[in-house]
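# Architecture at a glance
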Amino acid sequence: MSELHLLSTQQLVTGLQDKQFSSLELTEHFIKRIDALDSKINSFITHTSDTARAQAQAADEMRAQGDQRPLLGVPMAHKDIFCTQGVLTTCGSKMLHNFVSPYDATIVTNIAKAGMISLGKLNMDEFAMGSDNSSSYYGTVQNPWNLERVPGGSSGGSASAIAAGFVPVATGSDTGGSIRQPASFCGLTGIKPTYGRVSRFGMIAYASSLDQAGSLGRSAKDCAYLLQPMVGHDPRDATSIKHDMPDYVQDINDAEAQAGDKPFAGLRIGVAKEYFGAGLDAEVDKLTRAALQKYEELGATIVEVNITDPEITLATYYMLAPAEASSNLSRFDGVRFGYRCENPKDLIDLYTRSRSEGFGPEVQRRILMGTYALSAGYFDAYYIKAQKVRRLIIKDFDDAFANCDVIASPTAPTAAYKLSENLDPATMYLGDVYTIGVNLAGLPALSQPVGLTSEGLPVGLQLIGQHWQESQLLTTAHLFQQHTDHHLQHSAIAKETV
Ligand code: GLN
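Here's a quick rundown of the structure.

What counts, and at which threshold
Residues numbered from 1 in each chain as written. Predicted model: local features only at pLDDT ≥ 70, side-chain atom pairs only at ≥ 80, totals over all residues. Heavy atoms only, no water. Phe/Tyr/Trp six-rings, centres within 6.5 Å; stacked < 30°, edge-to-face > 60°. Helix = DSSP H or I, 4+ residues; strand = E, 2+ residues; numbered from the N terminus. Buried < 20%, exposed > 50% of the residue type's maximum accessible area, 1.4 Å probe, protein only. Lys NZ or Arg CZ within 6 Å of the ring centre and 35° of its normal. Arc of directions from axis to C-beta. Contact = heavy atoms within 4.5 Å. Salt bridge = Lys/Arg side-chain N within 4 Å of Asp/Glu carboxyl O.

Here the structure, examined in full by the defined rule, presents 16 aromatic pairs. Between Phe127 and Phe359, the aromatic rings sit 5.8 Å apart at their centres with planes inclined by 70°, giving edge-to-face as the arrangement. Here Phe127, found in the loop between strand 3 (117-122) and helix 5 (156-163), pairs with Phe359, found in the loop between helix 11 (347-358) and helix 12 (361-374); they are 232 residues apart in sequence, far enough to count as distant. Overall, the relative accessible area of 1% leaves Phe127 in the buried class. Ring centres of Tyr372 and Tyr378 lie 4.5 Å apart, and the angle between their planes is 25°; this geometry places the pair in the stacked category. Note on Tyr378: relative accessible area 36%, which makes it partly exposed. For the cation-ring pair, Lys94 lies above Tyr339, with the distance from its terminal atom to the ring centre recorded as 4.8 Å.

This is the structure in structure tokens:
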């Protein structure tokens, strides 16, 4: 049974249906791996092994009684940004070191209703602010492909846990790239859906107009399996939108059945020179272009499009996201929510020290930047101006999509860098150049693996779709994966048996 952790979600679903293994066996297999190997990568903050075992046993009984939910008994894990009733929910912060949520996030409820079993809560950058998981109060996370490298962030725990073979799939959240960039760094597929597609209820807010939950897995089809129970309208989230409910796995199966040897005939892939500018690593550039050439060989047409200069997009994001964060994080004051300092002298001392001691340096930096941008004297010059530029960024995407069906780019300008590089904040922000425009425009996008650098580090290709086109993105990546094997390469840790 040593290979169970390398099976695709589809294989897990059919294996359970055909009684090749039970959910309890599967769950035990993953728990054993986590217990033996997670000390190397620190991907989990909280384990829920005992409840997982009980749920697996219950899932096996339900299946024996005829329950046909496909995902019944399939293990997964949640990024620690999602509230889980009765289970510690830290958001990677000391501020929430003892917060046991009294309720479940909507997606947590829906994934449980689909029958999936959560093995625990995954490490992340503090309050999802960061790109390499180094801001977590619970320690850095190592990349299973190379332990000296970062896994990306902020969903670094989600990506490293999957790449290590600890869970087949995991949830993530993406405000400016936090699903796609760690997927790229860890050789996975990860999708950020259209803004409004997935409920934000119970997902701890970073920048509410940008935040969106999504799924990570090894393949596009793995992502489709987990995304399915996550999507849908939720009356408890005012920005959740009522829209047609697709069946992602069915759409993938239909597309595969119809695909000939040129599955992408008629597909126009937009490529923008703005996404291939200065700062792009030469090997990432090469692997991305090779993937585009493969798409062409398989029938796609490459068309040139223009999008907003990524530097402008970067400045806009790093104005708006901290502004929203400064407002969202004001609730953590040691009174209403969060860590409270010892022996406060008075109320001001309580607020000041609780927030200074409870938040790490990156979160404090964002709160300062955001508060400044929203302050009376600077509001028009910074916040309002950034909102106007956001409108223009959306328009540029709309114009580009007049001439293409999807837009492709590198997911990140580099492969995973060394933890010891200890990037200064501004350099780290630069790593987000290709992913943040998508969030500002509310578009869906995924990252898919397209090969390894000479140092054996994974590289991702980003595919951006029009609003509500998750199915097209997943299907496109899936058909590509039918003709390539990048998604079938495994990290050093995944190859270890225990
Ligand atoms: N790296 C980006 C930031 O720090 C994006 C984070 C995210 O998507 N949550 O803001």
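Looking now at helix 1 (residues 9-17). Along helix 1, the residues that are buried comprise Thr9, Leu12, Val13, Gly15 and Leu16. Buried residues of helix 1 fall within an arc of 165° about the axis and therefore sit on the same side. Phi for Lys19, located one or two positions after helix 1, is positive at around 60°.

As a further point, take the environment of Met62. Mapped onto the secondary structure, Met62 falls in helix 3 (residues 49-64). Judged by its relative accessible area of 34%, Met62 is partly exposed. Beyond its immediate chain neighbours, meaning those up to four positions away, Met62 contacts Asp67, Arg69 and Leu72.

A separate point is the pattern of salt bridges. Applying the stated rule across the entire model yields 19 salt bridges. A salt bridge links Arg53 to Glu28; the nearest nitrogen and oxygen atoms lie 2.9 Å apart. Taken as a pair, Arg53 in helix 3 and Glu28 in helix 2 (residues 23-41) lie far apart in primary sequence, 25 residues in all. The shortest N-O distance in the salt bridge between Glu357 and Arg353 comes to 3.2 Å. Of this pair, Glu357 and Arg353 both sit in helix 11, four residues apart, roughly one helical turn. With a relative accessible area of 30%, Glu357 lands in the partly exposed category. Among the ionic contacts, a cluster of salt bridges with common partners joins Glu28, Asp50 and Arg53.

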